[in-house]
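Summary of the model geometry
The chain contents come next:
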Amino acid sequence: MKHLIVGGVAGGATAAARIRRIAETDEIILFEKGDYISYANCGLPYYIGGTIADRDKLFVQTPEAFGRRFDIDVRTRSEVLRVDPAAKTVTVKGPEGRTYEESYDKLLLSPGATPVRPPLPGIGLPGIFTLRNVADTDAIKQYLKAHDVKRALVIGGGFIGLEMAENLHDAGAEVTVVEMADQVMAPIDYSMAAIVHQHLTEKGVRLRLGTAVTGFEQQGHGLEVAFASGEKDAADIVILSIGVRPLNTLATEAGLATGQRGGIVVDEYLRTSAPDIYAVGDVIE
């Protein structure tokens, strides 16, 4: 049996290890577009803030060690461009830019999601970041080292937004959290979110609830952030944490069923609408 896995972070790497444990002789190939696999996503903000001092602590496994331990063919810097369910093949662009095809008996899609960057005026200005992977983490960390960041503005009061608020506060910045809803942490009841509001306020974090951002402008070495209310605020760095969209291009081009929010539709066994193709993680619904 030959298994191909697209995406080498949480979902893909976990699946690869599990397949090896129950099928000692099967062939497993893991494709990862980036340089890293199996890293601690939840630790990324805490490396930025300095709670995790050693960058290497973010990595659960290196591609080389993971491949040796589980006898898996790990191919980093390898982007899967197309899936052909009828031929049961994928087209891959390798590190040198060469494209080739790889056949499969079973295929697992775990490409994840991409952070939302709304088309607001000035959204591409320097100093505006999203946080999703190691490359994003390194970029934010380098920016903090290179600039005197005294004012930080975090847009979005979800998990990543609040973790970044905590760590930017610990790094010495004056932090403002902007949230369109009337509370942070949307999945919980308002009465519980109020406890979080109080804690943030006690720590000196400013809250702008029920507030929408309408655009950004460069102001000297910093940024001016405009709100729907007509107010403006200044920041030296802006973190966008307003949600993600499933990376569903491979699935839609292959004709797999997707839901209203764009996620790949799977059943209780993570099977997609195509035979022998499975999906897992942030890309599914």
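Summary of the structure given here. (Residues numbered from 1 in each chain as written. Predicted model: local features only at pLDDT ≥ 70, side-chain atom pairs only at ≥ 80, totals over all residues. Heavy atoms only, no water.)

**What about the pairing of strand E11 (residues 174–179)?**
Of all six residues in E11, five are buried, a share of seventy percent or more. Strand direction decides the pairing type here: strand E10 (residues 151–155) and E11, joined by five bridges, are parallel. In the sheet register, arginine 151 faces E11, and the bridge partner there is glutamate 174. Since E10 and E11 lie parallel, the crossover through helix H5 (residues 159–170) that links them has a hand, and here it is right-handed. Sheet analysis places E11 next to strand E12 (residues 206–209), joined by four bridges and oriented parallel. Across the sheet, glutamate 179 pairs through a bridge with leucine 209, a residue of E12. Between the parallel elements E11 and E12, the chain passes through helix H6 (residues 190–202) in a crossover that is right-handed. (Buried < 20%, exposed > 50% of the residue type's maximum accessible area, 1.4 Å probe, protein only. Helix = DSSP H or I, 4+ residues; strand = E, 2+ residues; numbered from the N terminus. Pairing = 2+ DSSP bridges. Right-handed = clockwise from strand over helix to strand, strands pointing away.)

**Some details on the sheet that holds E10**
With parallel pairing, five strands are arranged side by side in an open sheet as E9-E16-E10-E11-E12. Each edge of the sheet is formed by a strand with only one pairing partner; in this case those strands are strand E9 (128–130) and E12. Geometrically, the sheet is characterised by an average inter-axis angle of 20° between neighbouring strands, direction not taken into account. (Axes fitted to C-alpha atoms, helices over the stretch in contact; angles between N-to-C directions.)

**Observations concerning the environment of aspartate 233**
Tracing the sequence through the fold places aspartate 233 in strand E15 (residues 232–235). Among the residues examined, aspartate 233 registers a relative accessible area of 14% and is labelled buried. C-alpha separation for the pair aspartate 233 and phenylalanine 216, spaced 17 residues apart in sequence, amounts to 9.7 Å. When near neighbours in sequence (up to four residues on either side) are disregarded, aspartate 233 contacts Leu153, Thr176, Arg206, Arg208, Leu223, Glu224, Val225 and Phe227. A polar contact of 3.3 Å, which involves the side chain of aspartate 233, links it to the side chain of arginine 206. (Contact = heavy atoms within 4.5 Å. Polar contact = N/O pair within 3.5 Å; in protein donor to acceptor, adjacent residues only side chain to side chain.)

**A closer look at the side chain of serine 38**
Its location among the elements puts serine 38 in the loop between strand E2 (27–32) and helix H2 (44–49). For serine 38, a relative accessible area of 14% gives the class buried. Those residues within four positions of serine 38 in sequence are excluded, and the remaining contacts are Gly8, Val9, Ala13, Phe59, Val60 and Gln61.

**A look at the sheet that holds strand E18 (residues 277–279)**
With parallel pairing, the five strands of this open sheet are ordered in space as E3-E2-E1-E7-E18. Each having just a single partner strand, strand E3 (73–76) and E18 make up the two edges of the open sheet. Mean inter-strand twist for the sheet, computed between neighbouring axes without regard to direction, equals 15°. Both E2 and E3 contribute to a ladder of four bridges, which runs parallel.

**As for the layout of surface pockets**
Put simply, the largest pocket is a space of about 1,200 Å³. Looking at the largest pocket, it is lined by 42 residues, and the ones nearest its centre are Val9, Pro111, Gly112, Ala113 and Leu247. Elements that contribute at least two residues to the lining of the largest pocket include exactly helix H1 (10–22), E2, H2, strand E4 (79–84), strand E8 (113–115), helix H4 (134–146), H5 and helix H7 (249–253). Of the residues assigned to the lining of the largest pocket, the class counts are 21 nonpolar, 13 polar and eight charged. In this model, the second largest pocket occupies a volume close to 860 Å³. Broken down by secondary-structure element, the contributors of at least two residues to the lining of the second largest pocket are H5, E11, strand E13 (213–219) and strand E17 (244–246). Per element, the largest residue contribution to the lining of the second largest pocket is three residues, and it comes from E17. Classifying every residue of the lining of the second largest pocket by side-chain character gives 21 nonpolar, nine polar and six charged. (1 Å grid on protein atoms, 1.4 Å probe; cavity = no way out; pocket = protein on both sides within 12 Å on 5 of 7 lines; lining within 4 Å. Points joined across faces, edges and corners; volume = space filled by probe spheres on them. Nonpolar A, V, L, I, M, F, W, Y, C, P; charged D, E, K, R; others polar.)

**Some remarks on the pairing of E13**
When a strand is regular, its side chains alternate between the sheet's two faces. Bridge count for E13 against strand E14 (residues 222–227) is six bridges, and the pairing is antiparallel. In the strand pairing of E14, valine 213 is matched with phenylalanine 227. Between E13 and E14, which pair antiparallel one after the other, the connecting turn spans two residues, and glycine 220 there sits at a positive phi close to 65°.

**Concerning the pattern of salt bridges**
Applying the stated criterion across every chain yields a total of 16 salt bridges. For lysine 88, the salt bridge identified is with aspartate 276, shortest N-O distance 2.8 Å. With lysine 88 in the loop between E4 and strand E5 (89–93) and aspartate 276 in the loop between H7 and E18, this pair connects stretches of sequence that are 188 residues apart. For arginine 208, the salt bridge goes to glutamate 231, with nearest N and O atoms at 3.4 Å. (Salt bridge = Lys/Arg side-chain N within 4 Å of Asp/Glu carboxyl O.)

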